[in-house]
Amino acid sequence: MSTANHVIVIGAGSTGAALAHDLALRGIHVTVLERAGVASGSTGHNQAQLHSGARYAVNDPESARECIQENWILRRILPEGLELNDGLFVAIDDVGMAYRSKFLEACAECEIPTKELKIAEALSLEPLLNPNILAAIQIPDGVFDPYRLCLSFLATAANHGADIRTFCEVTHINIVNRRVTYRSRITGKDDVLDADAIINAAGPWSAQVADLGGISVAVEPSAGAMITIDQRVCQMVINLLDSPADGDIIVPQRLTSVLGTTSWKVENPDNILVPEESIE
Ligand SMILES: Cc1cc2nc3c(=O)[nH]c(=O)nc-3n(C[C@H](O)[C@H](O)[C@H](O)COP(=O)(O)OP(=O)(O)OC[C@H]3O[C@@H](n4cnc5c(N)ncnc54)[C@H](O)[C@@H]3O)c2cc1C
């Protein structure tokens with residue numbers, strides 16, 4: 001394997017960390033430049049649900065298939081970063097029951113395994129569920145620890161020679177010379193790095209980062225509000241059996257539960273104002 005190639009990855013969220021891991025294992029020399037800490041962007045602020053894809057099976061089968069494929073890969077390569085507690089889709093009314101057969105068919109199409117539970121079985125697994133639920137379908141959701149996920153990927157990358165530079169903000173990209181200028185947020189000093197390839201893994205900041213190299217990329221970032229309560233109310237990820245909507249998932253995370261999410265488009269990911277109605 002060649003170690004001559006040098007790739008700069010901009011951003012140390014889940015995308016940048018996983019890319020660094022993958023490239024380093026292939027013998028590529030990687031430098032990760034992250035303007036803040038590891039997982040300081042969307043990755044460290046999401047609902048931490050390892051999606052099975054079931055949520056998207058009816059409306060967005062392409063994403064659903066991608067989810068289940070990556071779910072299986074993560075289970076294989078990163079078991080220490082995951083809590084494999086599965087998930088339940090529960091119907092609480094006639095609308096949910098009408099969605100049930102569409103949901104089961106779509107999951108089968110996308111190769112997402114499902115198991116319909118008897119109500120008594122679902123209530124014994126999750127005693128705090130509404131006792132009046134009408135259906136419960138088990139799917140291979142899970143929970144991940146975003147910080148551990150990124151650190152694990154970056155650790156294997158570093159073990160294979162990757163150079164991880166946090167608090168280093170990319171300020172200019174020369175596409176022709178493949179040269180990146182970055183500023184240390186600790187010392188305030190600028191530095192430059194040359195590369196054979198530059199990867200923009202800046203998530204919601206991807207448009208701004210592309211713009212540093214004079215490239216225009218259309219990105220529509222969205223934000224969401226979640227509420228964490230200091231009690232673990234369920235052991236599995238609880239989803240509402242219905243078309244995806246705001247606030248229809250409860251993700252257990254260690255001793256807490258995260259309810260959410262909502263979603264709205266934002267102009268600037270550095271300046272997110274949470275609308276009151278989103279919390280409601
Ligand atoms: C409310 C909400 C809930 C979500 N819940 C889930 C969920 O439960 N499960 C799930 O799988 N996904 C969820 N997602 C989606 C998930 O969070 C994103 O798909 C994922 O975090 C994107 O990772 P990323 O590495 O691409 O971006 P990010 O994690 O945002 O990483 C980009 C990094 O680039 C860095 N950066 C930006 N500009 C520069 C620069 N100039 N120089 C250097 N570094 C720079 C940033 O600091 C940041 O760390 C959710 C998203 C939202 C908004």
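A. Spatial organisation of the site of the ligand. Taken together, 31 residues are adjacent to the ligand, and Thr15, Glu34, Ser42, Thr43 and Gln49 come closest. Within the side chain of Thr15, one N or O atom sits 2.6 Å away from an oxygen atom of the ligand. The separation between an oxygen atom of the ligand and a polar side-chain atom of Asn46 is 2.9 Å. For the shell around the ligand, the secondary-structure elements that each account for two or more residues are α1 (14–25) and β10 (168–174). The element best represented in the shell around the ligand is β10, accounting for three residues. Of the residues assigned to the shell around the ligand, the class counts are twelve nonpolar, 16 polar and three charged. Each of domain 1 (6–43 + 147–212) and domain 2 (49–144 + 221–279) contributes no fewer than three residues to the shell around the ligand.

B. The environment of Ile119, seen in detail. Residue position: Ile119 is located in helix α4 (residues 119–125). Taking the C-alpha atoms as reference points, Ile119 and Asn159, separated by 40 residues in sequence, lie 48 Å from one another. Look past the residues within four positions of Ile119 in its chain and what remains in contact with it is Ile133, Leu134 and Ala135.

C. How the structure looks around the packing of α1 against helix α5 (residues 146–159). Between α1 and α5, whose axes approach to 8 Å, the crossing angle comes to 25 degrees. By the angle between their axes, α1 is roughly parallel relative to α5. Two packed elements cross with a definite hand, and for α1 against α5 that hand is left-handed. Between α1, through Ser14, Ala17, Ala18, Ala20, His21 and Ala24, and α5, the contact on the second element is made entirely by Leu149, Cys150, Phe153, Leu154, Thr156 and Ala157. Looking at the contact of α1 with α5 residue by residue, the classes come out as nine nonpolar, three polar and no charged.

About the thresholds
- Residues numbered from 1 in each chain as written.
- Predicted model: local features only at pLDDT ≥ 70, side-chain atom pairs only at ≥ 80, totals over all residues.
- Heavy atoms only, no water.
- Near = heavy atom within 4 Å.
- Polar contact = N/O pair within 3.5 Å; in protein donor to acceptor, adjacent residues only side chain to side chain.
- Helix = DSSP H or I, 4+ residues; strand = E, 2+ residues; numbered from the N terminus.
- Nonpolar A, V, L, I, M, F, W, Y, C, P; charged D, E, K, R; others polar.
- Domains from an automatic or database assignment.
- Contact = heavy atoms within 4.5 Å.
- Axes fitted to C-alpha atoms, helices over the stretch in contact; angles between N-to-C directions.
- Parallel < 35°, antiparallel > 145°, perpendicular 65-115°, else oblique.
- Left-handed = near helix turned anticlockwise from the far one by under 90°.

Shape is all these values report; function is a separate question.
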